[in-house]
Amino acid sequence: MGVSRIGIGLIGFGTVGTGVAAVLQRNADVIERRVGVPVAIMRVADLDIEKDRGVPLPYGVLTTDAASVIRDPSVDIVVELIGGYEPAKQLILSAIQQGKPVVTANKALLAVHGEDIFAAAVRANVDLGFEASVGGGIPIIRTMMEGLAANHFTSIFGIMNGTSNYILTKMTEEEKSFSDTLKDAQQAGYAEADPTFDIEGIDAAHKLAILVSLAYGTPVNVKDVYTEGIRQLAPLDIQFAKEFGFTVKLLGIAKDHGGEIEARVHPTLVPSSSPLAKVGGVYNAIHVVGDMVEDIVLYGKGAGSLPTASAVVSDIIDVARNRLKGIAGRVPPTAFQWTSRRPLRIRPIEEITSMYYLRMMVRDQPGVLSAIAGVLGANGISISSVLQKGREEGQTVPLVIMTHRSSERAIQEAIRHINALWCVSEPAVLLRIEGVEGS
Ligand code: NDP
Ligand code: HSE
C-alpha cells in the first residue's frame, strides 16, 4: 500500500518550532501539492506544554517526553528545534539509529559535533536536513550542496548573524553605543537574554564552519576559525570608518588557498558603496564565488520564526519526497561523498594578509606621526592614508592610519611596538578591510 501521509514529530515548540507548525498549517495545500501527500504534525515535545504559544495543535499531540516523539510509529521525520548540545545530540542520534530522517536548525550542535552526526546519518543511510542552520530563511545550504555543485569555491563571505548586524546598523545610523543598542535589540526580541554567541561572533563562526565544511569537503574544528565579535567596537571607529568611505560589518570570510583554507569572523570595514554595506537590520547576505559561476549573492531574513521555519519546512519537503520514492542519502549531508572528504588545514590568522584600519589615541605634539610611521615602515607596512582629529595641545587625540595590504603577523608586531611608544595612551584598535579593488 502506498504512503498516504508524512508524519512529523517536532521536538522544541519555541520560536522556530511554532513557526514550523504555522507554516505546515497555513501552507498545507501547496505543500501537499508539492510533496504528493499531506504532511501532518503527529507529535510535539516541549518542556512546557501548558503555555499558549499562539499556534493551535490537535488535542493529545503535545508531550514533555521528547524520546516518545521519536519512537512514535506515526512519526516519519523527526524535527529537532530545542537548540544546544545536549540532549539535542542524543535525540538526533537516537532518531538516526531508529532509521528516522532528521531535520534540525541547530548550527551550534552541527558546528561542534557535526562529524559524529554526519557519520551516523551516512552509516544508517538516513536523510539529515539542516537548511535553517545557516542564514535563517536563506537557502544557502541547498544552493551550495546542489545548485553550485559544479564549482570549486574561491571564496565565501557575508553577514551571517542578524543580531549583530542589527546592532551595527543602529550604531552606524544612530551613532549609539554598543551597550545601548544591545538593549534595543533585546527589547525588540532579536537578541537572546544571553546574547554571547551573537555578539562575540561565535554564532557566525558556527555558520562559517558549516559552510566551509560543505564547500571544501573537509571536517572543520570551529576552534580553528578565528573569531572576534563586536562587543569592543567603539562608535568612534564606526564614524571614522564612515569618513574613509567604509561601513563596519561583522563578516564571516572563507578563502580557498589551494589546499589550505582561510576562515575568520571579525568586524570588517567594507566599502560603503558595496552591496554588503547596504544589508541592514536582522538581514543576512552571503556572497559565494564559484570558479565557474562567479558571483552569487543570497540575501534575506537570517532569523525569525517564519523565515527560519520556511527553511526547516523546505528540508521536510525534501525528505518527504525522498521517502515517497523509497530513497535516502541521495545528497550526502557533507555535500561530498563521505569517503571523498579530505582534511584541509585552516590557516591561522597570523598567516593572512589584509588591508588594515588602525586607530590610536596619541599625544598631540611634534614627532608622534613620525614615530608611528617609523614602526610601521620598519615592519614593512605601507600607509595609504592618515587622519587626525582635534587639536588639543598636551591632550590625547585619535589618529587613524589606513594601510595597504600587509601581513597580519607584521601588523601585530607593529602594534606591539606602537602600544609601547611614549606618545600612545591606550592599546591601538585594529580592524581589517575587505572588498577594496586590488586589495
Ligand atoms: P527557543 O528557545 O525559542 O525554543 C526551543 C524550545 O525547545 C523551548 O520552548 C524549550 O523549552 C524547548 N526545549 C528545550 N529543551 C527541551 C527538551 N529537552 N525537550 C523538549 N523541549 C525542549 O529556540 P528557537 O526556536 O529560537 O531555536 C531553535 C533552534 O533553531 C536552535 O538550534 C537555534 O539555534 C535555531 N535557529 C533559530 C533561529 C531563530 O531565529 N530563532 C534562526 C536559525 C536557527 P523552554 O523554553 O521551556 O526551555
Ligand atoms: N541568533 C541568530 C542571529 C539566529 O541573530 O542571526 C539565526 O541563526
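1. Structural notes on the site of ligand 1
Residues in contact with ligand 1 amount to 19 residues; listed here are only the nearest, Thr15, Val16, Asp46, Lys107 and Gly304. A distance of 2.8 Å separates an oxygen atom of ligand 1 from a polar atom in the backbone of Val16. With respect to ligand 1, the backbone of Gly304 contributes an N or O atom lying 2.7 Å from an oxygen atom. Relative to its unbound accessible area of 890 Å², ligand 1 is 73% covered by the protein chains.

2. Side note on helix α8 (residues 178–187)
Among the residues of α8, those classed as buried are Phe178, Thr181, Leu182, Asp184 and Ala185. Seen along its axis, α8 keeps its buried residues to an arc of 155°; they face one direction. Contact partners of the buried residues in α8: α7 (162–174) and α9 (196–199).

3. Digging into the packing of helix α2 (residues 28–35) against helix α12 (residues 305–325)
Helix packing for two helices is described by the angle between their axes and how far apart those axes are. For the pair α2 and α12, the least separation of the axes is 10 Å and the interaxial angle reads 35°. For the pair α2 and α12, the sense of crossing is right-handed. Residue-level inspection shows Ile31, Arg34 and Val35 of α2 in contact with α12, the latter providing Val313, Ile317, Ala320, Arg321 and Leu324.

4. Some remarks on the site of ligand 2
Taken together, Lys107, Asn161, Gly162, Thr163, Asp198, Asp203, Lys207, Gly302 and Ala303 form the complete shell of residues around ligand 2. At a separation of 2.4 Å, an oxygen atom of ligand 2 approaches a polar side-chain atom of Lys107. Protein coverage of the free-state accessible area of ligand 2, which is 250 Å², stands at 87%. Those elements that place two or more of their residues in the shell around ligand 2 are α7 and α10 (202–216).

5. Some details on the nonpolar core
Core analysis: the largest hydrophobic core is formed by 80 residues, its most contacted members being Ile140 and Ile156. Sort the elements by how many residues they give to this core and α10 lands first, with 10 residues. Excluding residues within four positions of it along the chain, Ile156 makes contact with Met144, Leu211, Ala215, Tyr216, Gly252, Ile253, Ala254, Ile286, His287 and Val288. Within the second largest apolar cluster, 33 residues are counted, among which are Val20, Val39, Ala311 and Val312.

6. Observations regarding the pairing of strand β9 (residues 246–256)
Across the 11 residues that make up β9, a large majority, 10, are buried. Sheet topology note: the strand β7 (residues 153–159)/β9 ladder contains four bridges and is antiparallel. Across the sheet, residue Phe157 finds its bridge partner in β9, namely Ile253. Bridge count for β9 against strand β10 (residues 260–271) is 11 bridges, and the pairing is antiparallel. Directly across from Gly252, in β10, lies its bridge partner Val265. Connecting β9 to the antiparallel partner β10 that follows it, the hairpin turn spans three residues, and Gly258 within it adopts a positive phi of roughly 60°.

7. What to know about the sheet that holds strand β3 (residues 62–63)
Spatially, the six strands line up as an open sheet ordered β3-β2-β1-β4-β5-β6, and their pairing is parallel. Across the chains shown, the open sheet's two edge strands, defined by having one partner strand only, are β3 and β6 (128–129). Seen against the sheet, helix α4 (residues 88–97) touches β1 (6–11), β4 (77–80) and β5 (102–104) and runs at an angle of roughly 155° to β5. α12 contacts β1, β2 (39–45), β4, β5 and β6 of the sheet and is inclined by roughly 160° relative to β4.

8. Overview of the side chain of Thr169
Mapped onto the fold, Thr169 is located in helix α7. Within polar-contact distance, the side chain of Thr169 engages the backbone oxygen of Asn165 at 2.5 Å. If near-sequence neighbours (up to four positions away) are discounted, Thr169 is found in contact with Lys249, Val279, Gly280 and Gly281.

9. Quick notes on the packing of aromatic side chains
Per the counting criterion, the structure on display carries two aromatic pairs. Considering the side-chain rings of Phe118 and Phe130, the 5.6 Å spacing of their centres and the 40° angle between planes classify their relative orientation as tilted. Taken together, the positions of Phe118 in helix α5 (residues 107–124) and Phe130 in the loop between β6 and α6 (140–147) put the pair 12 residues apart, joining distant regions of the chain. Of the two residues examined, Phe118 and Phe130, each falls in the buried class. A centroid spacing of 5.0 Å and a plane angle of 10° characterise the contact between Tyr283 and Tyr299, whose relative ring orientation is stacked.

10. A few points about the side chain of Ser164
In this fold, Ser164 is placed in helix α7. Judged by its relative accessible area of 1%, Ser164 falls in the buried class. With sequence-adjacent residues up to four places away left out, Ser164 is seen in contact with Asp198, Ile230 and Leu250.

11. Some points on the environment of Val436
Tracing the backbone shows Val436 in the segment after β18 (424–433). The partly exposed category is assigned to Val436, whose relative accessible area is 25%. Taking C-alpha positions, Val436 is 9.5 Å from Leu269, a pair spaced 167 residues apart along the chain.

12. Describing unusual backbone geometry
Generally, phi is negative for residues other than glycine and the peptide bonds are trans, each holding for most cases. Here the amide bond leading from Glu86 into Pro87 is cis, since omega sits at 10°, within 30 degrees of zero. Mapping Pro87 onto the fold places it in the loop between β4 and α4. Backbone geometry at Glu294 places phi at a positive 70°, although glycine is not the residue there. One can find Glu294 in strand β12 (residues 294–301). Positive phi values are uncommon outside glycine, yet Ala335 reaches one of about 70°. If you trace the backbone, Ala335 turns up in the loop between α12 and β13 (345–347).

How each quantity is defined
- Per-chain numbering applies: the sequence of each chain, read as written, is numbered from 1 onward.
- Starting at A for chains and at 1 for ligands, labels are handed out in the order in which the entities are written.
- In view of the model being predicted, local features appear only for residues whose pLDDT reaches at least 70, and side-chain atom pairs are presented and counted only at 80 or more, with totals across whole chains, interfaces and linings using the full set of residues.
- Excluding hydrogens and water, the side-chain figures rest on all heavy atoms present in the structure.
- Residues are labelled near a given molecule or strand when at least one of their non-hydrogen atoms is within 4 Å of it.
- N or O atoms within 3.5 Å of each other form a polar contact, as long as, within protein, one can give a hydrogen and the other can take it, and as long as residues adjacent in sequence are counted only when both atoms are side-chain atoms.
- Computed by Shrake-Rupley with a 1.4 Å probe, the accessible areas treat only the displayed protein chains as cover when residues are assessed.
- Only protein chains enter the area calculation, which uses a 1.4 Å probe; residues under 20% of their type maximum are buried, those over 50% are exposed, and those in between are partly exposed.
- Put simply, DSSP marks the helices as runs of H or I at least four residues long and the strands as runs of E at least two long, and each gets a number from the N terminus on.
- Here, the arc refers to the directions that run from the helix axis to the C-beta atoms.
- Residues count as neighbours in contact if any of their non-hydrogen atoms are within 4.5 Å of one another.
- In this analysis, axes come from line fits to C-alpha atoms, helices being fitted only over the stretch in contact, and the angle between any two N-to-C directions falls in the range 0 to 180 degrees.
- Left-handed describes a crossing in which the near helix is turned anticlockwise from the far one by less than a right angle; the clockwise case is right-handed.
- Buried Ala, Val, Leu, Ile, Met, Phe, Trp, Tyr and Cys residues form a nonpolar core when they are joined through side-chain atoms within 4.5 Å.
- A pair of strands counts as paired when DSSP detects no fewer than two bridges linking them.
- For this analysis, a ring pair means two rings from Phe, Tyr or Trp (six-membered ring only for Trp) whose centres lie within 6.5 Å, classed as stacked if their planes differ by under 30 degrees, edge-to-face if by over 60, and tilted for the remaining angles.

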